[in-house]
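# Reading the structure
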Amino acid sequence: GTWGSWGPWSSCSSSCGDGVALRRRRCQRSSEEQPCAGDPRQYRLCQLQGCPSGSVPFRAMQCSLYDNRPVLGTSARYRWVPFHGAPNLCDLNCLAEGHNFYYSFGRVLDGTRCGPGSPDLCVGGRCLSVGCDGILGSGDRPDACGHCGSGHGSCVLVHRLFQGADPSSGYFGYVNVTKIPAGATNIKVSDKSRNYLALMASDGRYVLNGDWAIAWPGPYEAAGTLLTYSRAPDGTESLEAPGPTLEDLHVMALLQEPNPGIEYQFWL
């Protein structure tokens, strides 16, 4: 059998925060044909404006619907809060407040987070990851360049070892290591010596370890990305940034001893 075209997306399952939208397709076949392979439904993440401060979280709201209602075949009444220790993340597992037992009220509503802080959502009782295409369960992941679903075919890895000569002033002074072009991602630079890595923006302004002043390890903003600079007690240094960079960056080294080699890599 062959599928017909996808229908329109439904409205979002939530009015704020995260939710899911659904679309369907029909299998077009006669009774003699094989059924269509694949799913007749597809879900995507829809992210709306944030919920007002003080709003009850989605899962907690679903548990609270059973407050003071009879359960377990008794006349006892309980207040219910989410319980996250049960095996099935997409069941509405609720703990009786002030007691040491929980009860499962069936499935959570579609679009409920699988757990606290989890990026994954429950749909039809299953915990599904959101692909980079926004489709739940698609499995699409961004490639090293940040493109969705294209594999590594759109990327070029630059991975080299700089073993340049000493500056004209002898062992001391700045030398150029490489230029990291705009658009680079997954940047890593490492040095294992008493020398210092330095970084200059495209306008000639130092971002890190410039003008003979050594910076503290930590996060720095440069070229539209967050750079992490680390330095170990033995002098080992690294620069890492996820990118993509919005402008060229110039990696340099402030030499105090012969350069044993500076390794760098990034994707374009």
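The rules behind each value
Residues numbered from 1 in each chain as written. Predicted model: local features only at pLDDT ≥ 70, side-chain atom pairs only at ≥ 80, totals over all residues. Heavy atoms only, no water. Pairing = 2+ DSSP bridges. Helix = DSSP H or I, 4+ residues; strand = E, 2+ residues; numbered from the N terminus. UniProt positions renumbered as here; feature names shortened; annotations may be inferred. Phe/Tyr/Trp six-rings, centres within 6.5 Å; stacked < 30°, edge-to-face > 60°. Buried < 20%, exposed > 50% of the residue type's maximum accessible area, 1.4 Å probe, protein only. Axes fitted to C-alpha atoms, helices over the stretch in contact; angles between N-to-C directions. Disulfide = S-S within 2.5 Å. Contact = heavy atoms within 4.5 Å. Core = buried A, V, L, I, M, F, W, Y, C linked by side-chain atoms within 4.5 Å. Domains from an automatic or database assignment. Polar contact = N/O pair within 3.5 Å; in protein donor to acceptor, adjacent residues only side chain to side chain.

Here we have three strands laid out as an open sheet, ordered 8-9-10, and antiparallel in their pairing. Two strands close off the open sheet at either side, each with one partner strand: strand 8 (112-113) and strand 10 (126-128). As judged from the three bridges shared by strand 9 (residues 121-123) and strand 10, these two strands associate in the antiparallel manner. Among the inter-strand pairings, V123 is bridged to a residue of strand 10, identified as R126.

What follows concerns the UniProt feature "domain: ADAMTS/ADAMTS-like Spacer" (unreviewed entry) in the protein. Per the UniProt record, the feature "domain: ADAMTS/ADAMTS-like Spacer" (unreviewed entry) sits at residues 172-267. The annotated region residues 172-267 carries 0% helix and 58% strand content, and the separation between its end C-alpha atoms amounts to 31 Å.

With that settled, consider the packing of aromatic side chains. Scanning all chains against the criterion turns up eleven aromatic pairs. Between the aromatic rings of Y264 and F266, the centroid separation amounts to 6.4 Å while the plane-to-plane angle is 15 degrees, which identifies the pairing as stacked. Each member of the pair, Y264 as well as F266, carries the same accessibility label: buried.

Let's shift gears to the sheet that holds strand 5 (residues 80-82). Sheet strands pair via backbone hydrogen bonds, and the direction of the pair is either parallel or antiparallel. One open sheet accounts for three strands, arranged 5-6-7; its pairing is antiparallel. Looking at strand neighbours, the two that pair on one side only are strand 5 and strand 7 (102-107), the edges of this open sheet. Direction aside, the axes of adjacent strands within the sheet are offset by 40 degrees on average. Across four bridges, strand 6 (residues 91-96) lies against strand 7 in antiparallel orientation. Residue pairing in the sheet places C94 in a bridge with Y103 of strand 7.

Once that is clear, we can look at the state of the cysteines. If you walk through the whole model with that rule in mind, you get six disulfides. Disulfide partner of C114: C127, at an S-S distance of 2.2 Å. Disulfide C114-C127: torsion about the S-S bond near 115 degrees, hence right-handed. Residue C114 is found in the loop between strand 8 and strand 9, and its partner C127 is found in strand 10; the two are separated by 13 residues along the sequence. A relative accessible area of 35% means that C127 is categorised as partly exposed.

What follows deals with the environment of F58. Topologically, F58 is positioned in helix 1 (residues 58-64). Exposure remark for F58: the relative accessible area of 26% places this residue in the partly exposed category. Between the C-alpha atoms of F58 and G19, which are 39 residues apart in sequence, the distance is 10.0 Å. Among residues more than four places away in sequence, those in contact with F58 are L109, D110, G111 and T112.

Summarising the element assignment, T185 is placed in strand 13 (residues 185-192). With sequence-adjacent residues up to four places away left out, T185 is seen in contact with A144, C145, P242, G243, P244, F266 and W267.

Turning our eyes to something else, we now look at the pairing of strand 20 (residues 262-267). Two strands pair when backbone bridges link them, and strand 11 (residues 157-162) and strand 20 are joined in this way by six bridges, in the antiparallel orientation. Paired with F162 across the strands is I262, a residue of strand 20. Note: strand 13 against strand 20, five bridges, orientation antiparallel. Each bridged residue has a counterpart across the sheet, and for D191 the counterpart in strand 20 is I262.

With that out of the way, let us pick up the environment of P52. Take P52: it is sitting in the loop between strand 4 (41-47) and helix 1. Expressed as a C-alpha distance, the spacing of P52 and C16, which sit 36 residues apart in the sequence, is 8.4 Å.

Proteins that are soluble and globular tend to have nonpolar side chains buried together. In terms of nonpolar packing, the biggest core is built from 27 residues, with V189, L199 and L239 touching the most fellow members. Setting aside chain neighbours within four positions, we find L199 in contact with R205, Y206, V207, L208, L227, L239, L249, H250 and V251.

This part takes up the domain arrangement of the protein. For the protein, the domain assignment lists domain 1 (1-141) and domain 2 (157-267). Using only C-alpha atoms to locate each centre, domain 1 and domain 2 end up separated by 46 Å.

Structurally, the position occupied by Q42 is in strand 4. In terms of polar contacts, Q42 uses its side chain to reach the side chain of R23, at 2.7 Å. Q42 has contacts with W6, W9, A21, L22, R23 and I135, leaving out every residue within four places of it along the chain.

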